[in-house]
Amino acid sequence: MGLLDTILGRTKPAKADLDDLFALPGAAVTLEAGLGLKPTGTGSVCVKPAEGQGFAGLREQVDQLLAADNDKYTETKDAFGFSWITREGDAGDIQDLVGDLHTVNASLEDAGFGPALLCTLITFSDGGPPVGLVYLYKRGTWYPFVPTGKEQRDNSRELQLKATIGSDLKIEPDLSRWFPVWGAPGL
Amino acid sequence: MAPKSRFTADRGLVARMTFTMFLIGLLYVAVIAALIAYHVSIGFVLVIAAVLLFVQYYYSDKMALYGMGGRIVTPEEAPELHGIVDRLCALADMPKPKVAIADTDIPNAFATGRNPSNAVVCATTGIMRRLNAEELEGVLSHELSHVAHRDVAVMTFASFLGMVAGLITRFAFYSGMFGGGYGRRNDRDNNGAAMVAVIMLVSVLVYVISFLLTRALSRYRELSADRSGALLTGRPSALASALQKVTGDMSRIPTRDLRAAEPFNAFFFTPALANGFSISSLFSTHPSLEKRLEQLAKLSKQLGQPVA
């Protein structure tokens, strides 16, 4: 925010940055080679649904989009009132997953709901409990999230993941922004 | 591609706020000009006021927390509250402030701190008990907007002159009282007494004008925070319903309880103190409920329009 916006008490909604999502397939290769983590095929987009007909109309559009894809998608609502649009598909094709998630993002942004996009979550697993990579739209950065039980996370594993994929993805440098997404789909 | 926004700017609000700030600036200029023209030296008072306000500004987070009995909580202690703040900060792309809870049944929330990296957002147990998750989120996004707009800094600056005038009034009052009390009678003292009376009159006048202007500015800042908060969550109606619940509850609580909750406003002598922007406790620094609801209804209507 500029000085003028501060003085006038205005907020410009933060723009969503969709581009770095496409860096994921490269990181997936590194993850599999380095830590044996494979994509589970589950990815989700988290969005803050606005009230009113504007968003409801958009939801119909997204529903149609999703239905056209043979119900690969489900929509769940979490305890914070955010919607998770989840795509569960072929675990092998991460490129396809990223493309699908981008379609959802782009249609939301085109309708003026870019500021409502919170994060995208893509899960990986090595046969054990899944780990997540979270993409923050407003920062255009990624961070790992490893839940280990009810509201507990494995920080050392997260830092290990960060070290592994640090050269493939833009990792969020500010650790205080690695906020947990407990109970997110696929985790 | 330019990002599309579903909200149109409120030029009227911006214009009114700019005009109020212009008047405050004008008052500063007028006072300084008068000081220079009449060779009045109030350096001592200026230093005291500057020190007081700086302390208040610099320690605003700790003082407001202490005043409200707030306690900073970890994510483990208050997962829901932290979860809401986490998500709002990620949506707005701002650093996460500290999160605190005040153990009082008065429904209230405030944000304070000199800049976004030193900010605290505090909710009382009363407000968390009364509001549902969506309404609480609306209230917290209003408070986070205060942080983003740096309202503590803006209001501290705006209320500086009022504080100076208030201090001078007090000094003049005491010196007049003691001067008269000892009953010394000569021409010089009579002159001095007249001078003290003039200083007192002028400073009372400056104080009143500054008081009214800062209150007006504070109300515009509140409307701006409502607006930005609703813009962030996309749910103006949730904030509206929270306001209705909180103000309805507030008005039923006896005055004495309210005063007990605001020791800092009694303690300091300035209007519209920058000690924290509570959502409901200082009615006069806040616009009327009707005005706030009206603005939120307008925003809700804008959201209701079909996708262009």
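Source: prediction; values computed, not measured.

The next point concerns the overall build of chain A. Secondary structure summary: chain A contains five helices and eight strands in total. In sequence order, the secondary structure elements of chain A are arranged as α-α-β-α-β-β-α-β-β-β-β-β-α. Rg of the C-alpha trace for chain A: 17 Å, near the compact-globule value of 16 Å for 187 residues, within the 12% margin. Dimensions of chain A, computed from the C-alpha atoms along their principal axes, are close to 50 × 45 × 30 Å. Considering chain A as a whole, with its 187 residues, one finds that 44% of them fall into the buried category. Restricting the contact set of chain A to residue pairs at least 6 apart, pairs at least 24 apart contribute 69%.

Here we take up the interface of chain A and chain B. Contacts between chain A and chain B engage 34 residues on the former and 39 residues on the latter. Where the side of chain A that touches chain B is concerned, the elements lending two or more residues are helix H1 (3-8), helix H3 (53-67), helix H4 (94-113) and strand S4 (117-125) of chain A. For the side of chain A that touches chain B, the leading source of residues is H3(A), giving four residues. Its residues assigned to classes, the side of chain A that touches chain B shows 15 nonpolar, 11 polar and eight charged.

All names here are of chain A. Judged by pairing direction, the sheet is antiparallel, and its six strands sit side by side in the order S2-S3-S1-S4-S5-S6 without closing on themselves. Across the chains shown, the open sheet's two edge strands, defined by having one partner strand only, are strand S2 (73-77) and strand S6 (141-145). For this sheet the average axis-to-axis angle between neighbouring strands, irrespective of direction, equals 25 degrees. Taken strand by strand, H4 contacts strand S1 (38-47), strand S3 (83-88) and S4, and its axis lies near 5 degrees from that of S1.

A word on the environment of Val147(B). Mapped onto the elements, Val147(B) comes out in helix H6 (residues 133-148). The residues touching Val147(B), leaving out its near neighbours within four places in the chain, are Pro97(B), Ala111(B), Gly113(B), Pro116(B) and Ala119(B).

This next bit is on the confidence of the model for chain B. Residue and element names in this part refer to chain B. On average, residues of chain B carry a pLDDT of 77, and 79% of them reach 70 or more. Counting interchain partners and residues more than four positions distant, the pLDDT-below-50 stretch residues 180-185 has one contact. Throughout residues 279-283 the model reports pLDDT below 50, and contacts reaching past four residues in sequence, or to other chains, amount to 13 contacts. The ipTM, which scores confidence in the relative placement of chains, is 0.82 for this predicted complex, and the corresponding pTM is 0.81.

Counting buried positions over the five residues of S6(A) gives four, a clear majority of the element. Turn length for the strand S5 (residues 131-136) of chain A-S6(A) hairpin, with the two strands adjacent in sequence and antiparallel, is four residues, and the turn residue Gly140(A) shows positive phi of about 70 degrees.

Attention now goes to the environment of Asp154(A). All names here are of chain A. Note on placement: Asp154 falls in the loop between strand S8 (152-153) and helix H5 (155-165). Spatially, the C-alpha atom of Asp154 lies 9.8 Å from that of Val131, the residues being 23 residues apart in sequence. Residues within four places of Asp154 in sequence aside, it is in contact with Val146 and Thr148.

A word on the pairing of S1(A). All names here are of chain A. Within S1, eight of the 10 residues are buried, which leaves it mostly tucked inside the rest of the structure. Taken together, the seven bridges between S1 and S4 define a ladder with antiparallel strand orientation. Of the residues in S4, the one forming a bridge with Gly43 is Ile122. Here S1 pairs with S3 via six bridges, running antiparallel. Looking at the pairing, Val47 lines up with Ser83 of S3.

When the pLDDT values of chain A are averaged, the result is 84; 96% of them are 70 or greater. Mean pLDDT across the secondary structure elements of chain A bottoms out at H3(A), with 73, and peaks at S6(A), with 93.

Cut-offs applied
- Residues numbered from 1 in each chain as written.
- Chains lettered and ligands numbered in written order.
- Predicted model: local features only at pLDDT ≥ 70, side-chain atom pairs only at ≥ 80, totals over all residues.
- Helix = DSSP H or I, 4+ residues; strand = E, 2+ residues; numbered from the N terminus.
- Rg over C-alpha atoms; globule rule 2.2 N^0.38 Å.
- Buried ≥ 20, exposed ≤ 12 C-beta atoms within 10 Å, placed from the backbone.
- Contact = placed C-beta atoms within 7 Å.
- Nonpolar A, V, L, I, M, F, W, Y, C, P; charged D, E, K, R; others polar.
- Pairing = 2+ DSSP bridges.
- Axes fitted to C-alpha atoms, helices over the stretch in contact; angles between N-to-C directions.
- pLDDT = per-residue confidence, 0-100.

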